[in-house]
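Chain by chain, the residues:
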Amino acid sequence: MIHSLFLINSSGDIFLEKHWKSVVSRSVCDYFFEAQERATEAENVPPVIPTPHHYLLSVYRHKIFFVAVIQTEVPPLFVIEFLHRVVDTFQDYFGVCSEPVIKDNVVVVYEVLEEMLDNGFPLATESNILKELIKPPTILRTVVNTITGSTNVGDQLPTGQLSVVPWRRTGVKYTNNEAYFDVIEEIDAIIDKSGSTITAEIQGVIDACVKLTGMPDLTLSFMNPRLLDDVSFHPCVRFKRWESERILSFIPPDGNFRLLSYHVSAQNLVAIPVYVKHSISFRDSSALGRFEITVGPKQTMGKTIEGVLVSSQMPKGVLNMSLTPSQGTHTFDPVTKMLSWDVGKINPQKLPSLKGTMSLQAGAPKPDENPTVNLQFKIQQLAISGLKVNRLDMYGEKYKPFKGIKYMTKAGKFQVRT
Amino acid sequence: MTDSKYFTTTKKGEIFELKAELNSDKKEKKKEAVKKVIASMTVGKDVSALFPDVVNCMQTDNLELKKLVYLYLMNYAKSQPDMAIMAVNTFVKDCEDPNPLIRALAVRTMGCIRVDKITEYLCEPLRKCLKDEDPYVRKTAAVCVAKLHDINAQLVEDQGFLDTLKDLISDSNPMVVANAVAALSEIAESHPSSDLLDLNPQSINKLLTALNECTEWGQIFILDCLANYTPKDDREAQSICERVTPRLSHANSAVVLSAVKVLMKFMEMLSKDLDYYGTLLKKLAPPLVTLLSAEPELQYVALRNINLIVQKRPEILKHEMKVFFVKYNDPIYVKLEKLDIMIRLASQANIAQVLAELKEYATEVDVDFVRKAVRAIGRCAIKVEQSAERCVSTLLDLIQTKVNYVVQEAIVVIKDIFRKYPNKYESVIATLCENLDSLDEPEARAAMIWIVGEYAERIDNADELLESFLEGFHDESTQVQLQLLTAIVKLFLKKPTETQELVQQVLSLATQDSDNPDLRDRGYIYWRLLSTDPVAAKEVVLAEKPLISEETDLIEPTLLDELICYIGTLASVYHKPPSAFVEGGRGVVHKSLPPRTASSESTESPETAPAGAPPGEQPDVIPTQGDLLGDLLNLDLGPPVSGPPLATSSVQMGAVDLLGGGLDSLMGDEPEGIGGTNFAAPPTAAAPASLGAPIGSGLSDLFDLTSGVGSLSGSYVAPKAVWLPAMKAKGLEISGTFTRQVGAISMDLQLTNKALQVMTDFAIQFNRNSFGLAPAAPLQVHAPLSPNQTVEISLPLNTVGSVMKMEPLNNLQAVSSRLQSSNVFTIAKRNVEAQDMLYQSLRLTNGIWVLAELRIQPGNPNLTDLELSLKCRAPEVSQHVYQAYETILKN
């Protein structure tokens, strides 16, 4: 099971270590540093590194490496999932997960880590339960604690810990009972030079914020549940009911949680809401290249595309770019060769474009590779897969809650090759 | 106010300051002080000096303070064992606390204090906690047993905790069940032999019930445990699969992958005709695809596993090619894995798309990735014949880019394409030759040289090209040198008139100026071949080469089956069985896929037929590890010539007619020559039969002969066995046996010349063997052996030769060496499903290779009940091979 955890910042300092079994010397991280040095970028550090006596499994989040040390054959996904859970928990507790914040809250971090694993076995990883065991620090609580001398460690066994619904505590009370669901879809796509779709798929999630008194039992049904053939549920969802009736029936956890994530595969036709017209040319003879890019809407079901951000990693040979956008702002970093153009909203009447020239290294041959354009955008009030919630009902409690469903489509890894 | 204040130091010295604060009367101050201590501890500072002061703070009703002190104790108790005893009383008291949280905390912490003296006191409270009324305490106690076992295994067994733990599997609370399973699994790992998790249908049922209700982590433990179970029939397998399938929709990817493991394993037992089988296959694809949208680290592990799954059951993901397309900002480790799977999934249906993608990747920035993409294009060409032409033209386009490493990779793969489709794409050679100068990597140079040599007759200036390489011969790597040697010999055989000088030059470079034995040997062989019989040389060197197979880099089927049982573990990431990398000391249980049960037809299980059945056709596997080239180049010349440089005197005998079968037969078929590195082995196997050497192992089948031989009398002499049939040795038949008379051992040989020529110059070499047998006198065959003549020789032996360290002889080894004595060579040996498997190869004189798999029930002394499967390009020989095996083994 998980032996130890080291937190390492990007400059290679170990700033926190936690051991759940015997102490493992931090020199074991030398193997990690070696791998880190070999990888050109932090993202490229391999997630599994063998050392003579241990295995190092790492994830890289928020510019911090979370390195777990294991000694025996443990499912690596188990460890990596756990590490992600640690990151999420830190974020949940402190708002952000960064080196200074972790250092500022080192004792809470230590207490939380101790609570999450026992001898390397996961103990309490649900944030609801953790928060009952160890209260997250707030300014108010810190002040109160200092004055009254009370503690931020709960001395009661968390109620959810052993019940049939471990994700929900009992005795929840709200004056305003509300349940909001966000259907968020991300399009991952690769578009080729000519504008045709090579692959496109949709990663969707339904995130919920449920603040309901008591033990409500919710059901959520869809207009077109057939779309959901590849789904992962929160443990609260009754799987049998879904199998037989295609209805989501569940007792929700308290607060924010991810009810469901789904995947609409490349085999279904995925609508692509934007197109990119581009003409990027390097010429052998001159030291100048032409650059022009236009973004326009396509299959948006009448909704506006906003928050458009175009970015592209230009070839090394490009020294500088002189460009004029028709709207928005753009930057080009001559060191990293990163071009980014913050477009904002797309007005279908007047399509945004970015035009100009690139100055290339004189005398050098023209770059072999063409830059890939990365696109980000958002469309409110639209789930691009066409998924629609039919109704949301509550059983088990008498009051009438506020209900709300929101849809949003975003670009995930949306790439246009040029 | 944040915790960073705990890191500030004062002038007086931190430790001193803290000590004072820890002994303060004020609770608040104490707590702050402990926090400071913990803070120092987290960054690796040594605060062990404060041990007594911190432990003094332990007796408190403040839970936070208590927890902090516990944290400290866990870290430092080991370094201060005597002091740690001070804490025991508090622990014991806390284990009786009315608050279950405190009881659990106490038992949990006690287990983490790795001090022997403390563990003794831990037993009683632990026993109580294992039966606690509160499930939270029970589940904590279950893990504590595992901790304790790690510290003192004997104690845990003596105290009977293991039985209590087993009882907890039937607990009413699913979380307790999950933790008990986890603890037992961990303990079982260090006790591979013990039968801790003996699973039966009842306990399986309990686990499956708990599976639905416990936490995600518990589900992983239970699924991993289920995967070790072997259902008794396909019905049970199906019902387990049905209950595990819902786990595929879990949000935790580790749960999903563990469920995939269980399903992949149990699927093996289901009949393919079953409707359910098809349903299951369909259900497996979506969750695997979903794993690919997770974080890159998860993707990586998932991809390594998918790589195994597509090899085992390609049908699952055959329609999902697109999800493996590479995004330019994927981390490099994900890109490379995706590429691998793309090639595995490539088929005629999707090859156009795949090629377009690969071409795109070949223009990316990352060098490693580009190289692999170019190589992938070549693999596609070899795999999907219809696409070969497009692949070649794509590769030519890439060569036109003149990007150095792209060109080199392209040439390497084009060489493979030439091997696969000879005489089809040679029109591109001109283009390749243009790039000769830019090649600076050995692999590319070797490939180019191979192409020039192979197609020398079509390249006008082949001699000039090769000559240009020859200038820097000694600076080249071995690979290039060997290739250059072969290429020039090929050139000479094709255009003998113009290139005589060149070939002499290379032969002298290889044989006289080189220190590399491989190169020297190869040079000598060519030299002799060319000087004795150029016609034979032509037949050997320019012989038609076997085609290379379609699939490359496949994992060997038995290993693959084992790895499928380890889906989701480190073994699956490394594609190695755990025995290959798990720390020594921890035994490893070999896992294997369950066999298909009798009720279903065995449609897919590996072709094993009882002796006498026709050989099964299986896809050819070139088991290279990413180095296709090395393999191809070697095939070119027959097996690499290994072994120490040999004296050449005995080679004279019949060298001419021995050459027919290729170069290795030159080495191997020399019956009594020193050259026969393998051949001289027969004595080892047969020796114990009549020697009655005191080896008390499983050679019983041989020893039953020896029962009366222990004495001096030598009354029994095993009948002569044919060690070398004439058919395999170019006409020399050798049969022999060992005798012991009055303590003197000798080997009686009968040599028969069944060939048409006279044989002379016999010599013998004994390989190092476990008895230390060596000839006491030189082999004396006085007269030349004329055709059809038989001569009896008795060769005195002694046992002073160097003793080969061997594992104790056992049945398996006896069999393998017995077979080896008949020129059947053992390649590998493994244990599958508790049966010993021998993988062997033999080669007939006309160049037919036969690969054999021999399955032996262990503990079966009579060598009956063997199963033999053969693989051979020429099925007609199989009948004879079966007979040969039978005679060899039953003899």
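Scroll up for the structure.
Residues numbered from 1 in each chain as written. Chains lettered and ligands numbered in written order. Predicted model: local features only at pLDDT ≥ 70, side-chain atom pairs only at ≥ 80, totals over all residues. Heavy atoms only, no water.

1. Some details on the sheet that holds strand 17 (residues 318-325) of chain A
Residues and elements named next belong to chain A.
Here's step 1: What the 4 strands build is an open sheet, ordered 14-15-20-17; its pairing is antiparallel. At either end of the open sheet lies a strand with only one pairing partner, and these are strand 14 (274-282) and strand 17. For this sheet, the mean angle separating the axes of adjacent strands, direction not counted, is 15°.
Here's step 2: Here strand 14 pairs with strand 15 (residues 288-297) via 9 bridges, running antiparallel. Bridging from a neighbouring strand, Tyr275 pairs with Gly296 of strand 15. (Pairing = 2+ DSSP bridges. Helix = DSSP H or I, 4+ residues; strand = E, 2+ residues; numbered from the N terminus. Axes fitted to C-alpha atoms, helices over the stretch in contact; angles between N-to-C directions.)

2. A few points about the packing of aromatic side chains
Here's step 1: One pass over the structure, following the stated rule, counts 22 aromatic pairs over all chains.
Here's step 2: Judged by centre distance (4.4 Å) and plane angle (40°), the ring pair of Tyr60 of chain A and Phe65 of chain A falls under tilted.
Here's step 3: By relative accessible area, Tyr60 of chain A is classed as buried at 17%.
Here's step 4: Summarising the aromatic geometry, the rings of Phe78 of chain A and Trp217 of chain B are spaced 5.5 Å apart at their centres and angled 85° between planes, so their arrangement reads as edge-to-face. A residue pair is termed interchain when its members come from two chains, as with Phe78 of chain A in helix 2 (residues 76-94) and Trp217 of chain B in helix 14 (residues 216-226). When sorted by exposure, Phe78 of chain A lands in the same class as Trp217 of chain B, which is buried.
Here's step 5: Taken together, the ring pairs in this structure connect Phe78, Phe82 and Phe121 of chain A together with Trp217 and Phe221 of chain B into an aromatic cluster.
Here's step 6: Taking the ring centre of Tyr110 of chain A as reference, the NZ or CZ of Lys18 of chain A above it sits at 4.8 Å.
Here's step 7: One Lys or Arg, Lys335 of chain B, reaches over the ring of Phe369 of chain B and ends 5.1 Å from the middle of that ring. (Phe/Tyr/Trp six-rings, centres within 6.5 Å; stacked < 30°, edge-to-face > 60°. Buried < 20%, exposed > 50% of the residue type's maximum accessible area, 1.4 Å probe, protein only. Lys NZ or Arg CZ within 6 Å of the ring centre and 35° of its normal.)

3. Concerning the environment of Val181 of chain B
Residue and element names in this part refer to chain B.
Here's step 1: Assignment of secondary structure puts Val181 in helix 12 (residues 174-190).
Here's step 2: Considered as a pair, Val181 and Gly218 are 37 residues apart in the sequence and their alpha carbons are 8.4 Å apart.
Here's step 3: Contacts of Val181, omitting those with residues within four sequence positions, involve Ile169, Leu207, Phe221, Ile222 and Cys225. (Contact = heavy atoms within 4.5 Å.)

4. Details of the interface of chain B and chain A
Here's step 1: Contact with chain B, which involves 98 residues of that partner, is made by 94 residues of chain A.
Here's step 2: Here chain B meets chain A over a buried area of about 8,400 Å², counting both sides, of which 59% is carbon and sulfur.
Here's step 3: Our count for the chain B to chain A interface comes out at 10 salt bridges.
Here's step 4: Looking at side-chain class alone, the side of chain B that touches chain A contains 51 nonpolar, 21 polar and 26 charged residues. (Buried area = accessible area lost by both parts, 1.4 Å probe. Salt bridge = Lys/Arg side-chain N within 4 Å of Asp/Glu carboxyl O. Nonpolar A, V, L, I, M, F, W, Y, C, P; charged D, E, K, R; others polar.)

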